[in-house]
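Coordinate analysis (summary)
Given next are the chains, with one letter for each unit.
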Amino acid sequence: MNPARRGRGRAALPTAALTLWAALAGAPARSEDPAAPLTTALTAAEEAFERKEPEIAESQYRSALREGWLLMGTLLAETGDLERAAEAFERAAGAAADDRRARVAQALVALESDRPDEAAILLRRLAARDPADTEVRQTLARALAAAGNLDEAVQELEEVLALAPDELETLFFLATGYLRQGRPEMAEPLLTRLAAERPQAETHLLIGRTWRDHAHYDRARTALRKALEIDPGLRRAHYYLGTVELLAEGRGRVEEAIAHFRAELAVAPDDAMTNLYLGIALVESRQHEEALGPLERATGSPLSHRDAHQFLGRALLALDRAEEAVTALRRALELAQETPMAAPGGVFVDLGESQLSSLHYQLALALRRSGRPEEAEPHFARAREHSARLAESTRETLSRYLEDETSQSAFGPPLQFPTISGLDAAQRERLERRVRAGLARASFDLGVLKAREGRFDGAARLLADTVELVPDFPRGAYSLGVALYNAGRFEEATAPLERARAGSPGDPVLGRMLALAHLNGEGYAEAAELLEDDPERASNPSLQYAYGVALVRSDRAAEAADLFSRLIADNADWPELHVVLGQAAAQQGDYEAAAASLRRALELDPGVAEAHATLGDILLRQGRLDEAERELEAELAAHPGDERARYTLALVMDLNRKPEEAKRLLRRHLDARPRSADGRYLLGKILLGEGALEDALEQLEVAAELAPDDPNVRYQLGQALQKLGRGEEAARQFEAFRELKQASRRSEGA
């Protein structure tokens, strides 16, 4: 078996043997309403909240979130969206203290996604918490086996069986483990005990298939015949007996295999795999006319695959029905070129080159016999390209498919997510809407509860889930914006607040909060525009101050002059106001007046924010680098989170020929603000000057993405590329630099 096929087998959906075991053990009970646990927890939470029992309410809301995300993950897993299912199960695990079911579900997703090592890590942790949890340890054994640790998996199952000797499921999977190890003498007493404990026909069918899968054909016949003795109409028993005859004896037992396949079809006439194998066996025994019926049924199945069309084509060709053979073989070739190609039963098979050559050769023969030699020649040529035999024997094809099926033998418990079986597409869609609505309610209510307690970051996470689940949830965007604002995450707050304001455009409080979020998030132009129209601004000094700050920092200092004159007349001892006055004066080039205002602010409050930083910026413009350095260091000592001051100090250090200090400051600045184009540019420029070309290039490329219209970034990026010997790329950057410079000059001229 090729590696691709082997890998897909590890992560495949439950195999036939697992399905048999599930049927034998009984399907897990399903609630009439899969969302009942979510609804029950939500109701309990709301009742506790009304009783003013916030701790109980929070616990129940968390339970609701766990149940809801478990169900959402299940819905996603059932549709094959395993990545999003894993995310849902992770949310379920983080919602409440009891995360066992969510972690098991995560492990199942990892197994389905062919990541058994990841599944094993999750399951080991759960097993360490509770060594008596047999379900977890069975699933751990499955993960270990899928990861190639068969001996460890068998040991795990031995320990589980010792803990719970009456667990027939463990007994069966341990027997399969022994068979994989090549120890049938250890498996036989376990399977005998299973048959004694569960003496129905399905048990013997499962045991027969298990012996067959591990090439113990006499034992397989015995078990399968016993199954038919108990229930002569049992599905799949004759089918497995037919495959046993082919696997065990080859051509000499083809007629017996045909008889078994015919008997199976008497019970299930539309079974695709049985029709396929019967048709192939009939072609093998040269009964071409009789092969047509089952092969046509196989090609008409939704599970139709290439060999059904290929062998139908071969049978038609043998019967001199060349035109019909061409049609069948063309379809086989189309299917063969689809990668990967699913065979009946969920087995994924890649077609080898020799098999593809054989198919081209057969199609070429059919085309030539139908009088189209010109069309045949390209297919003959394709077949000749390969050194492998052109005609694969029927026996080899049959063995290949049988080997694919037997390679999928069960090991470990079935992969069972919380069940929602029996629902049609419309019911699933309605259920998903209910789950989304319930999760949104629980997230919103718990988010509001956290916000009232001042836990704004946690509240924001929950409220973000609310608007993700139900974008138009009442007051969802507003509450998220408020939580983010109160958490100090101003830039993130603006989007939900803008969305809330779009729904209530006349709400002055909402507009004011949005303006202040923009102001604190350095969106000064947006803040100024919003505050300009605020009806309370003229009578509210705080709003006037905020409006003035927004004007100054959006390069409109002249407009702020009258406003600040009025404010300062009534608030002469307001230190922050003197800082903004200093910034406005500095923006207009009056550095003397600016310095006076800033020093007055520091007299009123030595720790007032931005005074030292603004003085440092003024001194930098005047070329007084040592003094600027001291002022900026004083700002950072008082306000270590001021990233603008940190960047400006790095710029001073670079100009003052202290590159190591500059790099240290810039790296810390970029840790806090990874999207700082100025920080990336300056660090890249320093690294380029030191000859650290690759590191410089990395920083400058990011700077160019963040600030594509900055000509200086383009120039330095061109320099880095040129020094690295990447001349064509450097030339493009230098050309961009020239174009941006010219555009800047034209703009200034206008």
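Below, the structure is looked at part by part.

If you tally the helices and strands in the protein chain, you get 40 helices and two strands. Every one of the 750 residues in the protein chain was classed for burial, and the buried ones make up 51%. Carbon and sulfur atoms make up 48% of the accessible area of the protein chain, which totals about 34700 Å².

Time to look at the packing of helix H15 (residues 254–267) against helix H16 (residues 272–284). H16 packs onto H15 with a crossing angle of 150° between their chain directions and a minimal axis gap of 9 Å. Between H15 and H16, the interaxial angle falls into the category roughly antiparallel. Crossing handedness for the pair H15 and H16: left-handed. Every residue of H16 that contacts H15 at Val254, Ile258, Phe261, Arg262, Glu264 and Leu265 is listed here: Thr274, Asn275, Tyr277, Leu278, Ala281, Leu282 and Glu284. Broken down by class, the residue content of the contact of H15 with H16 amounts to eight nonpolar, two polar and three charged.

Now for the nonpolar core. Across soluble globular proteins, you tend to see nonpolar side chains buried next to one another. Counting residues in each nonpolar core, the largest one holds 94 residues, and the members touching the most others are Leu123 and Leu276. Discounting chain neighbours no more than four positions away, the residues touching leucine 123 are Ala107, Val136, Thr139, Leu140 and Ala143. One finds Leu480, Ala515, Val549 and Ala584 within the second-largest nonpolar core, a separate group that totals 80 residues.

Next up on the list: the side chain of histidine 360. If you trace the backbone, histidine 360 turns up in helix H20 (residues 353–369). Histidine 360 gets classed as buried once you look at its relative accessible area, which sits at 6%. The contact partners of histidine 360, leaving out residues within four places of it in the chain, are Leu333, Gln337, His379, Arg382 and Ala383.

Time to look at the packing of aromatic side chains. Applying the stated criterion across every chain yields a total of eleven aromatic pairs. Consider the rings of tyrosine 239 and tyrosine 277, whose centres lie 6.0 Å apart with planes at 5°: the pair is stacked. Placement of tyrosine 239 in helix H14 (residues 237–249) and of tyrosine 277 in helix H16 is noted, with a sequence separation of 38 residues between them. Residues tyrosine 239 and tyrosine 277 agree in their burial class; the two are buried. Three or more aromatic residues joined by ring pairs make a cluster, and in this case those are Tyr239, Tyr240, Phe261 and Tyr277. Directly above the ring of tryptophan 211 sits arginine 219, whose terminal nitrogen or CZ lies 4.8 Å from the centroid. The cationic tip of arginine 236 hangs over the ring face of tyrosine 239; the distance from NZ or CZ to the ring centre is 4.0 Å.

Rules used in this analysis
- Residues numbered from 1 in each chain as written.
- Predicted model: local features only at pLDDT ≥ 70, side-chain atom pairs only at ≥ 80, totals over all residues.
- Heavy atoms only, no water.
- Helix = DSSP H or I, 4+ residues; strand = E, 2+ residues; numbered from the N terminus.
- Buried < 20%, exposed > 50% of the residue type's maximum accessible area, 1.4 Å probe, protein only.
- Areas by Shrake-Rupley, 256 points an atom, 1.4 Å probe, with all protein chains shown as cover.
- Axes fitted to C-alpha atoms, helices over the stretch in contact; angles between N-to-C directions.
- Parallel < 35°, antiparallel > 145°, perpendicular 65-115°, else oblique.
- Left-handed = near helix turned anticlockwise from the far one by under 90°.
- Contact = heavy atoms within 4.5 Å.
- Nonpolar A, V, L, I, M, F, W, Y, C, P; charged D, E, K, R; others polar.
- Core = buried A, V, L, I, M, F, W, Y, C linked by side-chain atoms within 4.5 Å.
- Phe/Tyr/Trp six-rings, centres within 6.5 Å; stacked < 30°, edge-to-face > 60°.
- Lys NZ or Arg CZ within 6 Å of the ring centre and 35° of its normal.

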